[in-house]
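Descriptive analysis of the structure
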Amino acid sequence: MEPLIKVKCLKHIYPDKTEVNLCGLDFIVNPGERVVILGPNGSGKTTLLSHVLGLLSPVEGTVEVMGLSPHKDFNKIRKEIGVIFQNVDEQIIGPRVFDDIAFTLRNEGMKKETVDCRVNHISKRLGISEFLYKIPHYLSGGQKKKVALAGALSMNPKLLVMDEPFDALDPKSKREMVSTLNDLNKKEGTTLIITTHDIDIVPSIADVIYIVNKGDIVMKGTPEEVFSRVDILKEANLEPPVIGELFNRLRKRGYIVDTPKNLEEAEELLLMLLEKQKVV
Amino acid sequence: MHLADIDHLSVNGNSILHRCKVISKLILVLSFLTSFLITSDLTTLLGLIIIQVLFFVVGKIPIKKVIHLAIYPVFFSLLFALIMGRNEWTIAFVIILRALGAALTMLMLITTTPYVDLFATLSFVMPSILVDIFLVTYRSFFILIDKVERLLKNMKLRGGYSSLNVFKNLKSIAGTIGVLIIHSFDMSERMYKIYALRGYNGKIPIEASVFPLHKVDYMVIMMGILIFVGTVIPWNL
């Protein structure tokens, strides 16, 4: 299968001469994958995303999205990518929620009926129909994130890129967001690229994790593989999820257990362990 | 009374004026403004202001909440009135009442019309770039207001404000403005990139619904015409 995104040894120099060298492993994303990028502040996560989106041009290295250079072929790539930035306030353009969701659709010259139909469909799906005609700056943080997501999904993108989408969300909104994104990935096959600091949420949203540290892509793997490498995580100022850490400790004590992906799996595994004990 | 309150009144208000189409309110506003401009008769001006207040009542606009916004133009007109009306106090009053009337007219419009609808209708006669500038400025304003509030709170918490030391306060405020300017530059750059990603091609597409006009719209337009005619006829007699 041809990868959707290929990034090789990327180098970027900011106007203040700050250099970001994203070397080490190649950043490769296959269609339909859910990819999470983890790393401390200033490690180069946002720089990597900006290159993938075509907002920056690399000084060295190559960036390919759907076989094209995102910076050169910005207008071709743009239509296939949905984006949610960390500060959604700056992303919401439309004066009303409806106008914001319809922004890209109208810019693409779609007919009013098609625009209305798509906006209504997306807003129903994300549960934001009730405030379609509200002014965005009076919405809560979670609602604004949903509006931004609706705007990003309006063109049915193949790829959804999200920079810290769970930032400033309460636990319920986080769960809703995770469920929406997983649903989208499962039903529509949308490829997801997410950067986050919320490590506890990662196992439930990631197929592949990349660890970025000091400008290097230092590790790639499944959540089980990555969260079992506590040394690499700690070096990158990251802590494994609480559940992962618990099962790591159990393994160290000699119990043969896999790393669970979520709370339900953890419960099952622990029950199995306790059952064995019961038998013994 | 802040922008947010005006937005709240215009979006959530439920009155005849709120239900009117923007175009009919614009005609009413235009006739009010023209009437205020063309008459120099104190009684007519007072009459127009009374009618204006009645519109506030009809529009269910809490006049106590918005009246202080009309004070700004009145204050500036006061300076002008003092210069112009040195020999005749009626001229001074006319200037002040005109300013008050114009301010009340605009307040009536913005408290009964969501800004989006207003700009959408104005986009028929204004260049789209101007409409976009207004829309984006309005949106950015709210983002920056949040930033200013946080900065001011921080300034106070970190001892940058003292009620007795004006120079210290000025220095802190100057610093705050500096940070805000840098932040707004950064923000505009980020916003431009986001707009480009979302397909911005030089126009924010918004929908304006001008027609069909309803009974209430015709009533408001008729009122506008009557106000204008009522102001003009005695003036010509």
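Reading guide: rules and limits
- Residues numbered from 1 in each chain as written.
- Chains lettered and ligands numbered in written order.
- Predicted model: local features only at pLDDT ≥ 70, side-chain atom pairs only at ≥ 80, totals over all residues.
- Heavy atoms only, no water.
- Helix = DSSP H or I, 4+ residues; strand = E, 2+ residues; numbered from the N terminus.
- Buried < 20%, exposed > 50% of the residue type's maximum accessible area, 1.4 Å probe, protein only.
- Contact = heavy atoms within 4.5 Å.
- Areas by Shrake-Rupley, 256 points an atom, 1.4 Å probe, with all protein chains shown as cover.
- Lys, Arg positive; Asp, Glu negative; His and termini not counted.
- Charge placed at Lys NZ, Arg CZ, Asp CG, Glu CD.
- 1 Å grid on protein atoms, 1.4 Å probe; cavity = no way out; pocket = protein on both sides within 12 Å on 5 of 7 lines; lining within 4 Å.
- Points joined across faces, edges and corners; volume = space filled by probe spheres on them.
- Nonpolar A, V, L, I, M, F, W, Y, C, P; charged D, E, K, R; others polar.

**A short note on the overall build of chain B**
Helices and strands together make up the secondary structure of chain B, namely 10 helices and 0 strands. Based on the C-alpha atoms only, the size of chain B along its principal axes is roughly 65 × 50 × 30 Å. Buried positions account for 40% of the 237 residues belonging to chain B. Intrachain contacts of chain B at a sequence separation of at least 6 include 77% that bridge at least 24 residues. Accessible area for chain B stands at about 13800 Å²; split by element, carbon and sulfur atoms hold 72% of it. One finds the centroid of the 21 positive side-chain charges in chain B at a distance of 7 Å from the centroid of its 12 negative side-chain charges.

**Remarks on the environment of Phe 74 of chain A**
Residues and elements named next belong to chain A. Within the secondary structure, Phe 74 sits in helix H2 (residues 74-78). Under the relative-accessibility criterion, Phe 74 is labelled buried at 16%. Each C-alpha atom of the pair Phe 74 and Leu 55 lies 8.2 Å from the other, and the pair is 19 residues apart in sequence.

**Here we look at unusual backbone geometry**
The phi dihedral of Met 66 of chain A falls on the positive side, at around 55°, and the residue is not glycine. Tracing the backbone through its elements, the reader meets Met 66 of chain A in the loop between strand S5 (60-65) and H2.

**Overview of the layout of surface pockets**
By volume, the largest pocket is sized at about 780 Å³. Taken together, 26 residues line the largest pocket, and the ones lying closest to its centre are Tyr 14, Thr 46, Ser 50 and Asp 163 of chain A together with Arg 190 of chain B. For the lining of the largest pocket, the element with the most residues is helix H9 (residues 166-197) of chain B, which contributes 5 residues. Taken together, the residues of the lining of the largest pocket break down into 7 nonpolar, 11 polar and 8 charged.

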